[in-house]
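# Per-entry structural report
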Amino acid sequence: MKNRLRVLRAEREWSQADLAQRLEVSRQSVNAIETGKFDPSLPLAFKLARLFEIPIEAIFSDEKG
Amino acid sequence: MKCLTSNPAARRYYRRFVVTMLLYALTLVLTIRGFIHYHPTGPLAWMLAVLPAIPMIGMLAIFALYLAEEKDEFQRSIGIQAMLCGIGGTLTVTSVWGFLEDFVHIRHLDPMLIFTIFWIFLGLSIPVLLARYR
């Protein structure tokens, strides 16, 4: 799944570790999601949406990453 | 394990794993010494013989517990995939070995080694799985 996580993170000047800490996951998880190699569950996707204060569809799209 | 580094579930897993390993060593020594010195027979011999298997089963149980407690879904997914690699690798090796034993008469595979083979495959699969997500 394609996502804008890297862009959203860069806009806030957060490192992967910063985002991981905010999501309470590992940095490896953030990297795997960001590169489109691991699709997060719905609860984690909602958590990301809440964190960035945007709808889930503004982060993820169902195109191939 | 490489992927289980610094969260509470991983730390609990490591703690439990060390305790289980110590229990395994203890029960193994007890069983060996018991058979050497007391030559048990009947049900007592059976119970003493399977005693070290209890912590071995415990190792599987604490891994399952880790998977249940791990809140990081990516790490959990790696753990599950590693377990599948462990099971798949073990079944592959033991099946191939079984045919070789039957038809080419190679050395008999000690069933005690099967558990070790499982953990070797599980452990080796983790860095490979993590590399796939980099």
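Now for a description of the structure that goes with this document. (Residues numbered from 1 in each chain as written. Chains lettered and ligands numbered in written order. Predicted model: local features only at pLDDT ≥ 70, side-chain atom pairs only at ≥ 80, totals over all residues. Heavy atoms only, no water.)

Turning our eyes to something else, we now look at the interface of chain A and chain B. Taken residue by residue, the interface counts 13 residues in chain A and ten residues in chain B. Taken as a group, Gln 28, Lys 37 and Phe 38 of chain A account for 56% of the area that chain A buries against chain B, more than any other trio of residues on that side. Taken together, chain A and chain B are joined by zero salt bridges. Between chain A and chain B we count six residue pairs in polar contact (both at pLDDT 80 or more) in total. The biggest single contributor to the side of chain A that touches chain B is helix α3 (residues 27-34) of chain A, with four residues. (Contact = heavy atoms within 4.5 Å. Buried area = accessible area lost by both parts, 1.4 Å probe. Salt bridge = Lys/Arg side-chain N within 4 Å of Asp/Glu carboxyl O. Polar contact = N/O pair within 3.5 Å; in protein donor to acceptor, adjacent residues only side chain to side chain. Helix = DSSP H or I, 4+ residues; strand = E, 2+ residues; numbered from the N terminus.)

We now examine the packing of helix α2 (residues 16-23) of chain A against α3 of chain A. Helix packing geometry: the angle between the two helix axes and the distance between the axes. Residue and element names in this part refer to chain A. Where α2 meets α3, the closest approach of the two axes is 8 Å, and the angle between their N-to-C directions is 105 degrees. Here α2 lies roughly perpendicular to α3, going by the angle between them. For the pair α2 and α3, contact is made by Gln 16, Ala 17, Leu 19, Ala 20 and Leu 23 and by Arg 27, Val 30, Asn 31 and Glu 34, respectively. Partitioned by chemical class, the residues of the contact of α2 with α3 number five nonpolar, two polar and two charged. (Axes fitted to C-alpha atoms, helices over the stretch in contact; angles between N-to-C directions. Parallel < 35°, antiparallel > 145°, perpendicular 65-115°, else oblique. Nonpolar A, V, L, I, M, F, W, Y, C, P; charged D, E, K, R; others polar.)

Among the eight residues of α3 of chain A, six are classified as buried, and the element is accordingly described as predominantly covered. Residues Ser 29, Val 30, Asn 31, Ala 32, Ile 33 and Glu 34 of chain A constitute the buried set of α3 of chain A. Buried-residue contacts for α3 of chain A involve β1 (2-3), α1 (5-11), α2, α4 (42-52) and β2 (60-61) of chain A together with α4 (73-104) of chain B. A positive backbone phi angle near 75 degrees is found at Gly 36 of chain A, which sits one or two residues after α3 of chain A. (Buried < 20%, exposed > 50% of the residue type's maximum accessible area, 1.4 Å probe, protein only.)

What follows covers the environment of Leu 100 of chain B. All names here are of chain B. Following the sequence through the fold, Leu 100 ends up in helix α4. You can call Leu 100 partly exposed: its relative accessible area is 35%. Not counting the four nearest positions on each side in its chain, Leu 100 is found in contact with His 105 and Ile 106.

Residues and elements named next belong to chain B. You will see that His 39, though not glycine, has its phi angle at about 45 degrees, which is positive. Given a relative accessible area of 57%, His 39 falls into the exposed group. Look at His 105: it is not a glycine, yet its phi comes out positive at around 60 degrees. Along the chain, the position of His 105 falls in the loop between α4 and α5 (112-132).

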